[in-house]
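A look at the structure
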Amino acid sequence: MIGEKDIKLLEKTLLLEECMNAYKYAVETVQKNSPIMDEMAASCAEVCRKAAEECLTLGETEYDRVYLMCLEYVHLCEELEGYKRLRQQKNMKKTV
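Fair warning: this is a prediction, and the values are worked out from it, not measured in the lab.

1. Side note on helix α2 (residues 37-57)
The terminal C-alpha atoms of α2, which comprises 21 residues, lie 30 Å apart, in line with the 30 Å expected from a rise of 1.5 Å per residue. Those residues of α2 not exposed but buried are Met-37, Met-40, Ala-41, Cys-44, Ala-45, Cys-48, Ala-51, Ala-52 and Cys-55. Viewed end-on, α2 has its buried residues packed into an arc of 140 degrees, placing them on one side of the element. Facing away from the buried surface of α2 by more than 90 degrees, the exposed residues are Lys-50 and Thr-57. After α2 finishes, the residue Gly-59 shows a positive phi value of roughly 90 degrees.

Laid out in structure tokens, this is it:
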């Protein structure tokens with residue numbers, strides 16, 4: 001018999017999977033140097049932020065591991081947002 005605790009764990013697992021998929025797709029757009037990579041990275045961060053918030057609505061605390069993993073994905077997505085600018089700065093240094 002599946003209990004409430006098991007259902008919450010499944011829901012949190014699905015939220016974490018959303019974060020993983022969003023990050024994976026954002027990374028792919030960066031790797032392909034897609035013109036929408038900044039938008040994808042921002043979207044990724046938003047998806048992961050909402051997933052983290054949803055973890056908290058499931059009655060979890062800010063010390064919950066899944067919540068913290070979702071927040072880690074937020075940080076990873078935000079790092080992707082700055083990747084294009086970093087690469088442009090490196091290219092500018094090469095031409096100077």
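2. A look at the state of the cysteines
Under the counting rule described, the total for this entry stands at 1 disulfide. Covalently, Cys-44 is tied to Cys-77 through a disulfide, its sulfur atoms 1.8 Å apart. One end of the pair, Cys-44, is in helix α2; the other, Cys-77, is in helix α3 (residues 65-95), and 33 residues separate them in sequence. Under the relative-accessibility criterion, Cys-44 is labelled buried at 1%. Distance from the sulfur of Cys-48, which forms no disulfide, to the nearest cysteine sulfur (Cys-19) is 3.5 Å. Lacking any disulfide linkage, Cys-55 is separated from the closest cysteine sulfur, that of Cys-70, by 4.4 Å. According to the relative accessible area criterion, Cys-55 is buried, its value standing at 0%.

3. Details of a negative patch on the surface
Together, Glu-11, Glu-17, Glu-18 and Glu-54 give the surface a local cluster of negative charge. At 3 residues, the largest contribution of residues to the negative patch is made by helix α1 (residues 4-31). Positionally, Glu-11 belongs in helix α1.

About the thresholds
- Residues numbered from 1 in each chain as written.
- Predicted model: local features only at pLDDT ≥ 70, side-chain atom pairs only at ≥ 80, totals over all residues.
- Heavy atoms only, no water.
- Helix = DSSP H or I, 4+ residues; strand = E, 2+ residues; numbered from the N terminus.
- Expected span 1.5 Å × (residues − 1).
- Buried < 20%, exposed > 50% of the residue type's maximum accessible area, 1.4 Å probe, protein only.
- Arc of directions from axis to C-beta.
- Disulfide = S-S within 2.5 Å.
- Patch = residues over 30% accessible without salt bridge, like charges linked within 9 Å, V, L, I, M, F, W, Y side chains within 5 Å.
- Areas by Shrake-Rupley, 256 points an atom, 1.4 Å probe, with all protein chains shown as cover.
- Salt bridge = Lys/Arg side-chain N within 4 Å of Asp/Glu carboxyl O.
- Lys, Arg positive; Asp, Glu negative; His and termini not counted.
- Charge placed at Lys NZ, Arg CZ, Asp CG, Glu CD.

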